[in-house]
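Inside the fold
Here's the letter readout for the chains.
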Amino acid sequence: MAHKHYDAVIIGAGAAGLFCAAMAGRRGKKILVLDHVVEPGAKILISGGGRCNFTNAKVGGENFISKNPNFCKSALASFKPQDFIALVEAHGIKYHEKKLGQLFCDNSAKEILAMLLGLCSAAGVELRTGHSVTEISKAEHFRVETTAGTVESTALVLATGGLSIPKMGATGFSYEMARKFGLGIVETRPGLVPLVFTGERWAWMQGLSGVSFDSIASHGKRKFRENTLFTHRGLSGPAILQISSYLPPGGALVLDMLPGQDAYEVLLERKASRKKAELKTVLGEFLPARLAHALLQPPLGNHTIGDMPNKALRNTAEMINRFTLTPAGTEGYAKAEVTVGGVDTDGLFSKTMGAREVPGLFVIGEAVDVTGWLGGYNFQWAWSSGHSAALAL
Ligand code: FDA
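Within an unreviewed UniProt entry, the label attached to the protein chain reads Aminoacetone oxidase family FAD-binding enzyme, and the organism entered is Acidocella aquatica. Turning to the protein chain, the UniProt annotation filed under Cofactor (unreviewed entry) states: "FAD".

So, about the overall build of the protein chain. Within the protein chain, the regular secondary structure consists of 12 helices and 21 strands. Counting only C-alpha atoms, the protein chain reaches 90 × 40 × 35 Å along its principal axes. Counting contacts in the protein chain only where the partners sit at least 6 residues apart, residues at least 24 apart contribute 72% of the total. Measuring between centres, the 41 positive side-chain charges of the protein chain sit 3 Å from its 34 negative side-chain charges.

Below, the discussion takes up the sheet that holds strand E6 (residues 102–105). Pairing in this open sheet of 3 strands is antiparallel, and the strands run E3-E6-E5 from one edge to the other. Each edge of the open sheet carries a strand with a single partner, namely strand E3 (53–56) and strand E5 (95–97). Pairs of neighbouring strands in the sheet enclose a mean axial angle of 30°, with direction left out of account. One ladder, built from 3 bridges, connects E3 with E6; its direction is antiparallel. Looking at the pairing, asparagine 53 lines up with phenylalanine 104 of E6.

Moving on: the pattern of salt bridges. Taken as a whole and assessed by the stated rule, the structure comprises 14 salt bridges. The partner of glutamate 135 in a salt bridge is lysine 180, with the nearest N and O atoms 2.8 Å apart. Residue glutamate 135 is located in strand E8 (residues 133–138), and its partner lysine 180 is located in helix H6 (residues 173–180); the two are separated by 45 residues in the primary sequence. The exposure class assigned to glutamate 135 is partly exposed, which follows from its relative accessible area of 34%.

What follows covers the packing of helix H4 (residues 81–90) against helix H5 (residues 110–122). Where H4 contacts H5, the two axes come as close as 11 Å, and the packing angle between them is 90°. Looking at the two axes, H4 sits roughly perpendicular to H5. Only Ile112, Met115 and Leu119 of H5 make contact with H4, whose side of the interface consists of Phe84, Leu87 and Val88. Within the contact of H4 with H5, the residues separate by chemical class into 6 nonpolar, no polar and no charged.

Turning our eyes to something else, we now look at helix H11 (residues 310–321). In a regular helix each residue adds 1.5 Å, so 12 residues correspond to 16 Å; H11 covers 16 Å between its end C-alpha atoms and thus fits that length. Contact partners of the buried residues in H11: strand E16 (253–256), helix H8 (263–273), helix H9 (279–286), helix H10 (289–295) and strand E17 (323–325).

We now examine the sheet that holds strand E13 (residues 212–219). One open sheet accounts for 7 strands, arranged E17-E16-E13-E14-E15-E12-E18; its pairing is antiparallel. Each edge of the open sheet is held by one strand with a lone partner, namely E17 and strand E18 (329–330). Judged from the 8 bridges that link them, E13 and strand E14 (residues 222–230) form a sheet pairing that is antiparallel. Along E14, the bridge assignment pairs serine 215 with glutamate 226.

With that settled, the discussion passes to the packing of aromatic side chains. According to the stated counting rule, one finds 20 aromatic pairs in the structure shown. With a centroid separation of 5.8 Å and 25° between ring planes, the pair formed by tryptophan 204 and phenylalanine 323 is classed as stacked. Here phenylalanine 323 lies in strand E17 and tryptophan 204 lies in the loop between strand E12 (195–196) and E13, a separation of 119 residues in the sequence. On the basis of relative accessibility, which here comes to 11%, the residue phenylalanine 323 falls in the buried class. Linked through ring pairs, Phe19, Phe54, Phe79, Phe84, Tyr95, Phe379 and Trp383 together constitute an aromatic cluster. Directly above the ring of tyrosine 6 sits lysine 30, whose terminal nitrogen or CZ lies 5.4 Å from the centroid.

This part covers the domain arrangement of the protein chain. Where interface size is given, it is often the accessible area lost as the parts come together that is meant. Structurally, the protein chain comprises domain 1 (5–186 + 341–392) and domain 2 (194–331). The gap between the C-alpha centroids of domain 1 and domain 2 is 39 Å. The contact between domain 1 and domain 2 buries some 640 Å² in all, and 56% of this surface belongs to carbon and sulfur atoms. Taken as a group, Ile65, Trp373 and Leu374 account for 70% of the area that domain 1 buries against domain 2, more than any other trio of residues on that side. Joining domain 1 to domain 2, the criterion identifies 1 salt bridge.

What counts and what doesn't
Residues numbered from 1 in each chain as written. Predicted model: local features only at pLDDT ≥ 70, side-chain atom pairs only at ≥ 80, totals over all residues. Heavy atoms only, no water. UniProt positions renumbered as here; feature names shortened; annotations may be inferred. Helix = DSSP H or I, 4+ residues; strand = E, 2+ residues; numbered from the N terminus. Contact = heavy atoms within 4.5 Å. Lys, Arg positive; Asp, Glu negative; His and termini not counted. Charge placed at Lys NZ, Arg CZ, Asp CG, Glu CD. Pairing = 2+ DSSP bridges. Axes fitted to C-alpha atoms, helices over the stretch in contact; angles between N-to-C directions. Salt bridge = Lys/Arg side-chain N within 4 Å of Asp/Glu carboxyl O. Buried < 20%, exposed > 50% of the residue type's maximum accessible area, 1.4 Å probe, protein only. Parallel < 35°, antiparallel > 145°, perpendicular 65-115°, else oblique. Nonpolar A, V, L, I, M, F, W, Y, C, P; charged D, E, K, R; others polar. Expected span 1.5 Å × (residues − 1). Phe/Tyr/Trp six-rings, centres within 6.5 Å; stacked < 30°, edge-to-face > 60°. Lys NZ or Arg CZ within 6 Å of the ring centre and 35° of its normal. Domains from an automatic or database assignment. Buried area = accessible area lost by both parts, 1.4 Å probe.

Set out below in structure tokens:
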């Protein structure tokens, strides 16, 4: 029996898959999008606290992590944030910049999903959700077997995203299929993820849950100035989430709790001007009081600043400006916003996302070893990579 034939079957009705489908459909291609969950675009709906940080006003290769840092540039240059913003505006979606170029919907992430589904429908894209793909093979064409029957296609686009938030339907399907077709996988790990600290050494962190402060979190040369937040299991907040994507397992981060100021000079000045002040009062002037108190547990201890030798002030300052912390681990994929690693870009053409050795096979979005910073970069990668593939289908 002849099976229905499509120009392309796209697996994954998330940001990348839906956008790719809409753009290819617009070009007259006959497209089928398959997803195993019933509701498409679930991550779009929960993103940005329900307001979807859909792009960033300024996006460059430096905002992404990949084994090949140049790979993402071509797609990002051919479909820019401004191109997506133009679509958002044309659909009457109101948005604002929150900070650092991060663009959010004024109202709801639902508007972005509705726009994508509307574009798909206008372009004649067929969307089948709630069906699992059981087998994919390739002879002359791709043959995709699903729980709702078999279809054939000239091209196959893997767009099932990364491993983050499995309870929302995340799977390693694209990695599995990419492997099957001979592509490599760059080892994956949770990214944009809270860090966990355990054991006696970090016991002082307990009780600080909810405390947040301005900071620079760094690992090697990579630095992020944003807030750090104590959680009941360790650290989170934008600075920590950003640096988590760069931390190898067992790696240490350095936290500057007084960005832009030399804590030693500040303490020396206070020692001269306010001899009788207690150290915890002085620290409480530039750190949240609960944090200042917690930091001054033994062995550092609280003292009158005027009685402290400069060496002790230097030790305190070192902790404030260059606190080295090695987390026990992360909160894992259950809490990670993204997956670092994925389908190795060595096997893909950067202009089209097509597989070098398998004509007609494409991989887009988070499934690829291209991981954006926090701030709208991951969606921009989904739009740009989806767009590049759409032009090549
Ligand atoms: P995405 O995960 O969106 O879609 C993959 C689709 O494939 C899903 O619909 C899934 O059901 C389907 N699928 C998986 N396995 C399958 C299988 N075996 N068979 C069939 N279908 C399968 N980024 C950003 O730029 N700004 C933001 O504000 C946020 N906020 C945010 C919040 C939270 C809580 C999370 C978890 C993530 C973010 N992100 C983000 C990241 C962003 O959501 C993510 O990078 C993109 O959704 C990736 O788009 P993809 O289309 O590649 O995957």
